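# Descriptive structure summary
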Amino acid sequence: SMAAPFTHAFLRWANAKRGGKSWVQKNVHAFVPVAGPFNGAVNALSALMGGVAFAYTPPGQAGATKFTCPLCDPPMAEPVSEEHFVIKVVDGFGAVLKELLMDWLLTDITRLLREFPSLYWMSPGVDDSIPNRSYVTLQHGPWAQPEEIKASGLPSLFRRLLMHDEAERMKYALSVGSTEDPGVPTHCIYSHNVRTFSHLTFPAGGVFADIGASVEIGDGDGTVHSDSLSVCERWKSTVKVYKLPGVHHGFEVIIGQVHDVIVGVAKGDDAALDAWTSPAFVDLDVPRLSSLSYPLARRGRAF
């Protein structure tokens, strides 16, 4: 996951500083990113903009955030009723404890997250292949034109919110891109067909985690949207792309077909790599006794 853009940054540095391409060609056999967010994740941006509770509210759960998924088949489930949700979650908690817990979640953890430099780098960056792609829409009212915010406009958006430290972190993160061709043989592994945050909408004059916010769900691996995962497909140095259906972000590492690719690259087994085909969801090689196999099966066919 995050190791993919970090390794990409190292390869760019090595190409420029460490003896140039000759050093890389001599010392790097291949690059095998797994679930690499090469242009960040809208999910990370949602935590910075709306806070931890906003970012980790799943579609279908009651709350102020509205979720839409134009391409979902079957359609997204209706939200759980507010009354049922509250009873289920806070039953047994006293009112004071509940209030303290929510304050801690919404304030302290959000403040902590916004101090992580990596979260800014893991937010969407400028991608010249899709220059008009916006990630945030600001609604200025029923009669005003909505305002589309591209990645390049995120530092200015933070400044408008008087979040000056966050603006500087985002500005620096945008200066370190990870969408260029790394210049080494690349075998790219990622998942698709899992519901994933792909676009955020907020009321321009309100609190971003409050009523009026909405999230558009699109294709991805449950954490990283597909536009970011598929960046590696356009690199000239990419030898092959290996796509897994319905595997949630982070669970790729337990899949036998992923192990086959890594072993094949390490051994230089071109025949095995050429013969690799994307499995159906039911044919994924998942350890039966693994504690991770249940959440994989539960989340797999979500999009």
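Just so we're clear, the structure is a prediction, and the values are computed from it rather than from any experiment. (Residues numbered from 1 in each chain as written. Predicted model: local features only at pLDDT ≥ 70, side-chain atom pairs only at ≥ 80, totals over all residues. Heavy atoms only, no water.)

## What to know about the overall build of the chain
- Tallying secondary structure elements over the chain gives 13 helices and seven strands in all.
- Among the 303 residues that make up the chain, the fraction classed as buried is 44%.
- Taking the contacts inside the chain whose residues are at least 6 apart along the sequence as the reference set, 73% of them involve residues at least 24 apart.
- Accessible surface for the chain amounts to roughly 16,200 Å². Of this, 57% is attributable to carbon and sulfur atoms. (Helix = DSSP H or I, 4+ residues; strand = E, 2+ residues; numbered from the N terminus. Buried < 20%, exposed > 50% of the residue type's maximum accessible area, 1.4 Å probe, protein only. Contact = heavy atoms within 4.5 Å. Areas by Shrake-Rupley, 256 points an atom, 1.4 Å probe, with all protein chains shown as cover.)

## Some remarks on the pattern of salt bridges
- Using the criterion set out here, one finds five salt bridges in the structure.
- Where Glu168 meets Arg159, a salt bridge forms, and the shortest distance between an N and an O atom there is 3.5 Å.
- Assessed through its relative accessible area of 31%, Arg159 is described here as partly exposed. (Salt bridge = Lys/Arg side-chain N within 4 Å of Asp/Glu carboxyl O.)

## With respect to helix H1 (residues 3–17)
- Between the first and last C-alpha of H1 there are 20 Å, a value that for 15 residues agrees with the 21 Å anticipated at 1.5 Å per step.
- For H1, the complete set of buried residues consists of Ala4, Pro5, His8, Leu11 and Ala14.
- Residues of H1 that are buried in the fold lie against helix H2 (21–27) and helix H7 (117–121). (Expected span 1.5 Å × (residues − 1).)

## Overview of the side chain of Thr179
- Along the chain, the position of Thr179 falls in the loop between helix H9 (164–174) and strand S4 (186–192).
- Residue class for Thr179 comes out buried when judged on its relative accessible area of 15%.
- What Thr179 contacts, discounting residues up to four positions off in sequence, is His8, Phe38, Asn39, Val126, Asp127, Val231, Arg234 and Trp235.

## Details of the environment of Pro182
- If you trace the backbone, Pro182 turns up in the loop between H9 and S4.
- Judged by relative accessible area, Pro182 falls into the buried class, the value being 1%.
- In the structure, Pro182 is positioned 55 residues away from Ser237 in sequence and 7.4 Å away in space, judged by C-alpha atoms.

## Things to note about the sheet that holds strand S3 (residues 147–150)
- Spatially, five strands are ordered S1-S6-S5-S2-S3 in an open sheet, and the strand pairing comes out mixed. Each end of this open sheet is capped by a strand with a single partner; those strands are strand S1 (66–68) and S3. Geometrically, the sheet is characterised by an average inter-axis angle of 25 degrees between neighbouring strands, direction not taken into account.
- The pairing of strand S2 (residues 134–139) with S3 spans four bridges and is antiparallel. Bridge pairing in S3 places Thr137 opposite Glu148.
- Contacts from helix H3 (residues 42–50) reach S2 and strand S5 (196–203) within the one sheet, and its direction differs from that of S5 by about 30 degrees. (Pairing = 2+ DSSP bridges. Axes fitted to C-alpha atoms, helices over the stretch in contact; angles between N-to-C directions.)

## Looking at the nonpolar core
- Judged by nonpolar contacts, the single largest core of 32 residues is most densely connected at Leu45, Val136 and Leu200.
- Looking at this core, the elements with two or more residues in it are H3, H7, S2, helix H8 (154–160), H9, S5 and strand S6 (214–218).
- Counting residues per element, this core draws most heavily on H3, at six residues.
- Setting aside chain neighbours within four positions, we find Leu45 in contact with Ser123, Pro124, Tyr135, Val136, Leu154, Met170 and Leu200. (Core = buried A, V, L, I, M, F, W, Y, C linked by side-chain atoms within 4.5 Å.)

## Concerning the environment of Trp13
- Position of Trp13 relative to the elements: it lies in helix H1.
- Since its relative accessible area comes to 44%, Trp13 is described here as partly exposed.

## Some remarks on the confidence of the model for the chain
- When the pLDDT values of the chain are averaged, the result is 82; 77% of them are 70 or greater.
- Low pLDDT (under 50) marks residues 80–98, which in the prediction has ten contacts with non-local residues, meaning those over four places away or in another chain.
- The model gives residues 297–302 a pLDDT under 50, and that stretch makes 13 contacts with residues more than four places away or in other chains. (pLDDT = per-residue confidence, 0-100.)

## Here we look at helix H11 (residues 256–267)
- Relative to the 16 Å expected for twelve residues at 1.5 Å per residue, H11 spans 16 Å between its end C-alpha atoms, a close match to the ideal helical length.
- Gly256, Gln257, Val258, Val261, Gly264 and Val265 are the residues of H11 that are buried.
- For H11, the elements touching its buried residues are S4, strand S7 (238–245) and helix H12 (270–275).
- Looking one or two places after H11, you find Gly268, whose phi comes out positive at around 70 degrees.

## Overview of the pairing of S6
- Most of S6 is tucked away, with four of its five residues classed as buried.
- With three bridges joining them, S1 and S6 adopt parallel strand pairing. Pairing of Phe67 across the sheet is with Val215, part of S6.

## Here's the deal with the packing of aromatic side chains
- Applying the stated rule across the entire model yields seven aromatic pairs.
- Here Phe31 and Phe38 contribute two aromatic rings whose centre-to-centre distance is 6.3 Å and whose plane-to-plane angle is 85 degrees, an arrangement assigned as edge-to-face.
- Phe31 gets classed as buried once you look at its relative accessible area, which sits at 6%.
- Linked through ring pairs, Phe10, Trp13 and Trp23 together constitute an aromatic cluster. (Phe/Tyr/Trp six-rings, centres within 6.5 Å; stacked < 30°, edge-to-face > 60°.)

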